[in-house]
Amino acid sequence: MKIEINGNSLELMIGDITKQSTEAIVNAANGTLMGGGGVDGAIHQAAGSDLVEECKKIREEDLDGNYLRTGKAVITKGYNLPAKFVIHTVGPVWDGNKQSAKERLVHAYNNSLKLAMENRITSVSFPSISTGVYRYPVQLASVVAINAIIDFLQNNTFGKVVLTLFSEKDYQAYEDALKKKLSNL
Ligand code: AR6
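Residues numbered from 1 in each chain as written. Predicted model: local features only at pLDDT ≥ 70, side-chain atom pairs only at ≥ 80, totals over all residues. Heavy atoms only, no water.

1. What to know about the nonpolar core
1) Next: Grouped together as the largest cluster of nonpolar side chains are 41 residues, with contacts concentrated most on Leu10, Tyr109, Phe126, Ile149, Val161, Leu163 and Tyr174.
2) Next: Per-element accounting of this core gives the leading share, ten residues, to helix α4 (residues 138-155).
3) Next: Ignoring sequence-local partners within four residues, the contact set of tyrosine 109 consists of Phe126, Pro127, Ser128, Ile129, Ala145, Ala148, Ile149, Leu163 and Tyr174.
4) Next: In terms of nonpolar packing, the next biggest core, distinct from the first, is built from 16 residues, Ile17, Ala47, Ile58 and Val86 among them. (Core = buried A, V, L, I, M, F, W, Y, C linked by side-chain atoms within 4.5 Å. Buried < 20%, exposed > 50% of the residue type's maximum accessible area, 1.4 Å probe, protein only. Helix = DSSP H or I, 4+ residues; strand = E, 2+ residues; numbered from the N terminus. Contact = heavy atoms within 4.5 Å.)

Now the structure itself:
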């Protein structure tokens, strides 16, 4: 499904984000930035070990050795990936607190999009942040993600945003959320 918003496009598709050739892809990372399972593991594997080296440097030099906080985002090169850049963000771990999880997930999407714009990137792919290892229910996270992305596109001249979902079930949740949002615009 593909729609136009304020001269920008938003597309939902099923696929592997490591194969995406948008200028940037977003990684659902953890605060260590050292890789992990899920989409993070797949991105590090496909990008090669230069990626973790750049992440180490960011931790040491930009974050003073600290973890990247939930909702924040940083950017690296894409190395062996088709995408030129990787934007690493940390989504919230689902703890049953709907409101606080929602705020932190909105930050993760917004800060990733802002960082892309600051770097003059005009196309970016997102995975379904937080709905794997971090257990955020996809029916809820999809509504939050769609609202955050659409609000951003309504207020900015950006380009293209793709949501690359990893299963038919996830795609369905995002498509339902998008259709609902469109009927209320
Ligand atoms: N392409 C697109 N989506 C994918 C891919 C892929 N190649 N692989 C998995 N997904 P998760 P989180 C989907 O667990 O919940 C990591 O260990 C997956 O099916 O990757 O934000 C990090 O290091 C799910 O729908 O991220 C953190 O510790 C979605 O990506 C933690 O997991 C997100 O699932 C982050 O957890």
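2. Concerning the pairing of strand β4 (residues 73-77)
1) Next: Most of β4 sits inside the fold, with four of its five residues counted as buried.
2) Next: Pairing geometry for β4 and strand β5 (residues 85-90), over five bridges, is antiparallel. Pairing of alanine 73 across the sheet is with threonine 89, part of β5. (Pairing = 2+ DSSP bridges.)

3. What about the site of the ligand?
1) Next: Close to the ligand lie 23 residues; Asn30, Gly37, Val39, Asp40 and Val133 are nearest.
2) Next: In this structure, an oxygen atom belonging to the ligand sits 2.8 Å away from a main-chain N or O atom of glycine 132.
3) Next: In the complex, 89% of the free accessible area of the ligand, which totals 700 Å², lies under the protein chains.
4) Next: The set of elements that each furnish at least two residues to the shell around the ligand consists of β3 (24-29) and α1 (38-47).
5) Next: Sorting elements by how many residues they give to the shell around the ligand places α1 first, with four residues.
6) Next: Looking at side-chain class alone, the shell around the ligand contains nine nonpolar, eleven polar and three charged residues. (Near = heavy atom within 4 Å. Polar contact = N/O pair within 3.5 Å; in protein donor to acceptor, adjacent residues only side chain to side chain. Areas by Shrake-Rupley, 256 points an atom, 1.4 Å probe, with all protein chains shown as cover. Nonpolar A, V, L, I, M, F, W, Y, C, P; charged D, E, K, R; others polar.)

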